[in-house]
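Inside the fold
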Amino acid sequence: MNGEGALAARRPLPAPDPTRPTLAPRPAAAAAPAGPALEAVDFHFAYGPGDWTLAGITLAVPPRAVTAIIGPSGCGKSTFLRAVNRMHDLMPGTRHAGELRVAGRPVYAPGTDVVALRQRVGMVFQRPNPFPKSVYDNVAYGPRLNRLVDTRDLPDLVERCLRQAALWDEVKDRLDAPATGLSGGQQQRLCIARALGNQPDLLLMDEPCSALDPIATQRVEELIFELKQDYTIVIVTHNMQQAARVSSRTAFFDLGRLVEYDETGRIFTNPAHERTEAYITGRFG
Amino acid sequence: MNRRIWRRTRSGLMVGLVGLAVVLALVPLGLILGHLLVKGAGSLDWAFFTRGPAPTGVEGGGVVHAIVGTLIIVGVASLMGLPVGIAAGIYCAEYPGTRLATATRFVADVMNGTPSIVVGVFAWTWIVAPQKHFSAFAGSVALAFLMVPMVLRTTEEMIKLVPHSLREAALALGYPRWRTSLAVVVRTTLPGIVTGSLLAVARIAGETAPLLFTALGSQFLSTRIDQPMAALPLVVFNYAIGPFEEWHRLAWATALVLILVVLVLSVAARIATRGRFTLRG
Ligand SMILES: Nc1ncnc2c1ncn2[C@@H]1O[C@H](COP(=O)(O)OP(=O)(O)OP(=O)(O)O)[C@@H](O)[C@H]1O
Ligand SMILES: [Mg+2]
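Residues numbered from 1 in each chain as written. Chains lettered and ligands numbered in written order. Predicted model: local features only at pLDDT ≥ 70, side-chain atom pairs only at ≥ 80, totals over all residues. Heavy atoms only, no water.

1. So, the overall build of chain A
Basically, it comes down to this: A run of H or I in DSSP counts as a helix once it spans at least four residues, and a run of E counts as a strand once it spans at least two, with each numbered from the N terminus. Burial classification: accessible surface area is computed with a 1.4 Å probe over protein chains only, and a residue below 20% of its type maximum counts as buried, one above 50% as exposed, and the rest as partly exposed. Contacts between residues were defined by any pair of non-hydrogen atoms, one from each residue, lying within 4.5 Å. Accessible surface is estimated by sampling points in the Shrake-Rupley manner with a 1.4 Å probe; for residues, cover comes only from the protein chains shown.
Helix and strand counts for chain A come out as eleven helices and ten strands. Burial statistics for chain A: of 285 residues in total, 54% are counted as buried. Taking the intrachain contacts of chain A between residues at least 6 apart in sequence as the baseline, contacts between residues at least 24 apart amount to 67%. Total accessible area on chain A stands at roughly 12300 Å², and carbon and sulfur atoms take up 50% of it.

Laid out in structure tokens, this is it:
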């Protein structure tokens, strides 16, 4: 699936999820030392005092692989992603329960360094939100702040990120132009480039292609494919084909619950739950 | 067919009404400016800007002492009032739910509605009376007091316009909260904050009442802020109520200068807003 055989030759494959012993271990798995990049154990989240928006989410995302989250609108996909880098902190009155761990470290523990967490966990939001600054500055912002590279190497890094996000050719002559003057799709790719500039370990993408044309979508998918050699990616998508193409594991959310989480091939060919099958065959959602 | 004609008539009528409102709003402004120009422009010569007042009964003389005085009093007031107002505005916008912010906002609203003469009386009670002499500094304090709530509220409103998603973008890159506030939120609203500040400066530059009990006015060119000092609005006031025709002429000219200063500040505020990277949508 997804050419992982080719990858296996170059680097160890992601470790199997230890909390799910039912899974058949993959061939190279024994060699991989790392635990899950992201792990939720009975995680709950609510925006206010009422019902949980997310209830009992338990899943483990393997490192250096793409995990897709699918599900009908309003089921809590964005809420889950945003909980991972504590974007909800700004909102008063939110509640959570259960465990959420990134690279083994608890996200919501009292001593968690939220800033350090967010530096490691990049995020591409559902709606493009470039800074009202130049195209160049948008990408250079993160690396400059976190002193990731020498100032001399910054232009190279910016170019690389913009190329990876399939935006370089369109903006190379207007790096000093305001980013708010780009089209919606270009802004979204700029936000992807900006997230890459920070060189995160874990990249959360909330419907990164919903504003893109088929060509840009394909470029972003190629990018995701390329990135998974070094990064762990969690992508929310409404596009089943996209989930099937880019991800190795897929989680199906419905009404704030995790209905099914399995290898992408299984989810799309032989799902265990009726809801999942109904959703992926387009009978609801 | 009929409906289309009716729609057009209605549209034309509305545009006409709106245009009329614009004209009505502009007429007083035009009248004031025109009247000032007619009455005052003739007196604006080199001597007017470079000389102090002539002895009573003597023709001519200028208002350089008042121009310098206004610059100093307003400058010192801005040095005190702007940083406090902007900082408090940022605080109120960034921590909107806190008790301190709610209290600050309430006090600012009350202060915004306080007549400036009352502020002048307070400055007199707190500074002039204990020191037993009038001073430009007391005037600056009174004006700074008037500035703070104005600047606070505009700053807060400007910052509240920054979309939430922009803040999230910065936080998601690992910006600490305070750096997000300064580097992203304040930076993007800077033109607006500058505009608000300039407009506040323009507003207080014309204030007369608070200066009557504090800076008092003076016949001499002075740069000592612990002493009474002249100011343009005070000169207008004193000359205008004086008995001499010559004084009235000077009052008109000074009023014109004052309005020109305010106009220049307002235009500067407009230019400051025309930044390249302003918020869109
Ligand atoms: N800021 C908020 N305050 C209160 N409730 C919210 C907020 N944001 C989302 N919700 C609610 O939480 C639920 C999950 O929303 P979420 O945005 O996570 O859905 P989603 O799965 O990402 O949907 P979509 O596919 O449309 O993006 C929805 O019922 C929504 O109404
Ligand atoms: Mg969403």
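2. Brief notes about unusual backbone geometry
Residues and elements named next belong to chain A. Not every positive phi belongs to a glycine, and Arg 64 is a case in point at roughly 50°. With respect to the secondary-structure elements, Arg 64 resides in the loop between strand E2 (54-61) and strand E3 (66-70). Owing to a relative accessible area of 32%, Arg 64 belongs among the partly exposed residues under this scheme. One non-glycine residue, Ala 166, lies in the positive phi region at around 60°. Topologically, Ala 166 is positioned in the loop between helix H5 (154-164) and helix H6 (168-171). The exposure class of Ala 166 is buried, given its relative accessible area of 10%.

3. Describing the sheet that holds strand E10 (residues 257-263) of chain A
Residues and elements named next belong to chain A. For the record, the criterion: Strand pairing is assigned whenever DSSP detects at least two bridges linking the two strands. To get an axis, a line is fitted to the C-alpha atoms, and for a helix only the part in contact is used. The angle between two axes follows their N-to-C directions and goes from 0 to 180 degrees.
With respect to topology, six strands assemble into an open sheet ordered E6-E7-E8-E3-E9-E10, the strand pairing being mixed. Of all strands in the sheet, those bounded by a partner on one side alone are strand E6 (121-124) and E10. Between one strand and the next, the sheet's axes are offset by a mean angle of 15°, whatever the strand orientation. Bridge count between E3 and strand E8 (residues 232-236): four bridges; the pairing is parallel. By the bridge assignment for E8, Ala 68 is matched with Ile 235. Of the strands in this sheet, E3, E6, strand E7 (202-206), E8 and strand E9 (249-254) touch helix H2 (residues 77-84), which is tilted by about 150° from E7.

4. Focus on the site of ligand 1
Residues and elements named next belong to chain A. Stated formally: For each residue, the test is whether any non-hydrogen atom lies within 4 Å of the molecule or strand; if one does, the residue is near. Each polar contact in these results corresponds to two N or O atoms within 3.5 Å; when the atoms are within protein, one needs to be able to donate a hydrogen and the other to accept it, and residues that are neighboring in sequence are counted only if both atoms are side-chain atoms. Three residue categories are used. Nonpolar comprises Ala, Val, Leu, Ile, Met, Phe, Trp, Tyr, Cys and Pro, charged comprises Asp, Glu, Lys and Arg, and polar comprises the others, including Gly.
Close contacts around ligand 1 come from 13 residues, with Ser 73, Lys 77, Ser 78, Thr 79 and His 238 the closest. With respect to ligand 1, the side chain of Tyr 47 contributes an N or O atom lying 3.4 Å from a nitrogen atom. A distance of 2.6 Å separates an oxygen atom of ligand 1 from a polar side-chain atom of His 238. When ligand 1 is considered free in solution it has 630 Å² of accessible area, and contact with the protein chains removes 60% of it. Partitioned by chemical class, the residues of the shell around ligand 1 number three nonpolar, eight polar and two charged.

5. As for the interface of chain B and chain A
Definition in use: Each of two parts loses accessible area, computed with a 1.4 Å probe, when they are put together; buried area is these two losses added. For salt bridges, the criterion is a side-chain nitrogen of Lys or Arg within 4 Å of an Asp or Glu carboxyl oxygen.
Contacts between the two partners involve 24 residues from chain B and, on the opposite side, 28 residues from chain A. Summed over both partners, the interface of chain B with chain A comes to about 2200 Å²; 65% of that surface belongs to carbon and sulfur atoms. Taken together, the connections running from chain B to chain A amount to one salt bridge. A salt bridge links Arg 82 of chain A to Glu 168 of chain B, with the nearest nitrogen and oxygen atoms 2.5 Å apart. In this structure, the connection of chain B to chain A is made through five residue pairs in polar contact (both at pLDDT 80 or more). Elements that contribute at least two residues to the side of chain B that touches chain A include exactly helix H7 (164-172) and helix H8 (177-205) of chain B. Ranked by the residues each element gives to the side of chain B that touches chain A, the list is headed by H7 of chain B, at nine residues.

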